Amino acid sequence: MRTRPPFRTALLCLFMASAAVASDREPVIRPLLLSEHPSDATHRVYVRGQVVTTLRFEKAVDASKTKLLGWEGRLEPLAVVRNKVVLEPIHDLADDEGIPLIVTLVDGTEVAFLLRHPGWRQSDGADQQVDVFKDPESYASMHAALRKALKEKSALTEENERYRKEETSEDHALAALLASGAIAQTPFKLADRFSGKDDDSEVDAQVFQGKGKVAVVFKVKNTHSQKPWSLKSARLVTKNGGHARAVAIRVTTREITVGSSGVVAAVVDRSAFMEEGVLTSLFLEIYRQDGLRQAFVQLDPALLAR
């Protein structure tokens, strides 16, 4: 029987659970300019079970002429509050399922929507709020377009800076070796391993200890019948308070096809464990493409080899 070290912690693989997000993250607000889609009269809205999605219009909505088609048993009754339409599915829609929605504004304008499950390829998951604009030259429309452009620019700048840092980062080099399976070329030693699965994927995690560093290697097998698996993000946060810390991440492939496996490797430096001069425990979380938390592991300071 293998003796487990005193710092052993449990890996909790969470499947199809609501994604836990940091308190400082902005809500998902998607602007929709109707004139941008002249060839597509029906606009998609991505919804999830027991999650409220709000459609917000520039003008008031005519509640008597706004309706869902074939929604019974799948959504809560439609709610209209001035210029807002509130939607809440009772459960997730099937991947091939769509529910038509017709919204009529007080000026007689009709807008057609199709409610769909966000699917594995919808990077932002379900819509929390969709701001619908008809006039591209209105102040609100231009302001929304500007915010979207600035957000995209900021994301691109952040991504470029991350790539620049990764080129010379020792931790990213170690993570790349771990992801490729070249563990013998790293200073890490296996401390423990855990596994979990659901209907769509299987996760095997190995926790490694090293001198002043800790590493985790997630091997993910995609057992879904149709859709690929990919890593959306990874977060390293303190156990108490959830303050984000730096973590080096490497993956073997951008997408794991059906029936295939891939690796997500993470390396955490000792400095990430410091909280006001004291070593503290951390949570490493990985999120898949639909924004749901796939797995997390607690990392204790005892993993840091002296």
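Criteria and thresholds
Residues numbered from 1 in each chain as written. Predicted model: local features only at pLDDT ≥ 70, side-chain atom pairs only at ≥ 80, totals over all residues. Heavy atoms only, no water. Pairing = 2+ DSSP bridges. Helix = DSSP H or I, 4+ residues; strand = E, 2+ residues; numbered from the N terminus. Axes fitted to C-alpha atoms, helices over the stretch in contact; angles between N-to-C directions. Buried < 20%, exposed > 50% of the residue type's maximum accessible area, 1.4 Å probe, protein only. Phe/Tyr/Trp six-rings, centres within 6.5 Å; stacked < 30°, edge-to-face > 60°. Arc of directions from axis to C-beta. Polar contact = N/O pair within 3.5 Å; in protein donor to acceptor, adjacent residues only side chain to side chain. Salt bridge = Lys/Arg side-chain N within 4 Å of Asp/Glu carboxyl O.

Undergrad: Hey, could you run me through the sheet that holds strand E17 (residues 261-269) in this one?
TA: Backbone hydrogen bonds hold the strands of a sheet together, and the pairing may be parallel or antiparallel. Strands sit in the order E11-E12-E13-E17-E16 across an open sheet of five strands; the sheet is antiparallel. Single-partner strands in this sheet number two, and they are strand E11 (189-197) and strand E16 (248-251). Here the average twist between neighbouring strands, direction ignored, is 15°. Where strand E13 (residues 213-222) lies against E17, nine bridges are found, and the strand directions are antiparallel. In the strand pairing of E17, valine 214 is matched with valine 268.

Undergrad: Mind showing me how you'd approach the pairing of strand E21 (residues 293-299) here?
TA: Put simply, side chains in a regular strand alternate between the two faces of the sheet. Within E21, seven of the seven residues are buried, which leaves the element mostly enclosed by the surrounding structure. The sheet contact formed by strand E20 (residues 282-288) and E21 spans six bridges and is antiparallel. Across the sheet, glutamate 285 pairs through a bridge with phenylalanine 296, a residue of E21. The turn linking E20 back onto E21 is made up of four residues, and glycine 291 within it adopts a positive phi angle of 85°.

Undergrad: Would you mind going over the packing of aromatic side chains with me for this structure?
TA: Any two aromatic rings considered together are summarised by their centre-to-centre distance and by the angle between their planes. In total, this model carries two aromatic pairs according to the counting rule given. A centroid spacing of 6.2 Å and a plane angle of 75° characterise the contact between phenylalanine 57 and phenylalanine 113, whose relative ring orientation is edge-to-face. With a gap of 56 residues between them, phenylalanine 57 in strand E4 (residues 53-57) and phenylalanine 113 in strand E9 (residues 110-116) connect regions that are remote in the sequence. Each member of the pair, phenylalanine 57 together with phenylalanine 113, is buried. Between phenylalanine 283 and phenylalanine 296, the aromatic rings sit 5.4 Å apart at their centres with planes inclined by 80°, giving edge-to-face as the arrangement. Pair noted here: phenylalanine 283 is in strand E20 and phenylalanine 296 is in strand E21, with a separation of 13 residues, a long-range link.

Undergrad: In this structure, what is going on with helix H2 (residues 170-180)? I would like to understand it.
TA: Each α-helix turn comprises 3.6 residues. Residues three or four places apart therefore point the same way. Regarding H2, the residues found buried are Asp171, His172, Leu174, Ala175, Leu178 and Ala179. Seen end-on, H2 carries its buried residues on one side only, within an arc spanning 160°. In H2, the exposed residues that point more than 90 degrees away from the buried face are Glu170 and Ser180. Structurally, the start of H2 carries an N-cap: the backbone nitrogen of aspartate 171 is 3.3 Å from a side-chain oxygen of serine 169. Just beyond H2, the residue with positive phi is glycine 181, at close to 95°.

Undergrad: Explanation requested: the pattern of salt bridges in the structure shown.
TA: A side chain of one charge can pair with a side chain of the opposite charge if their charged atoms are brought near each other. Following the criterion strictly, the structure yields twelve salt bridges and no others. A salt bridge links aspartate 107 to lysine 59; its shortest N-O distance comes to 3.1 Å. Here aspartate 107 is found in the loop between strand E8 (98-104) and E9, whereas its partner lysine 59 is found in the loop between E4 and strand E5 (67-68), with 48 residues between them in sequence. On the accessibility criterion, lysine 59 (42% relative accessible area) is partly exposed. Where lysine 213 meets aspartate 171, a salt bridge forms, and the shortest distance between an N and an O atom there is 2.7 Å. Of this pair, lysine 213 sits in strand E13 while aspartate 171 sits in helix H2, and the two are 42 residues apart along the sequence. A residue is classified by how much of its surface remains accessible, and lysine 213, at 10% relative accessible area, is buried. Among the ionic contacts, a cluster of salt bridges with common partners joins Asp171, Lys213 and Asp269.

Bear in mind that shape data such as this cannot, by itself, settle questions of function.
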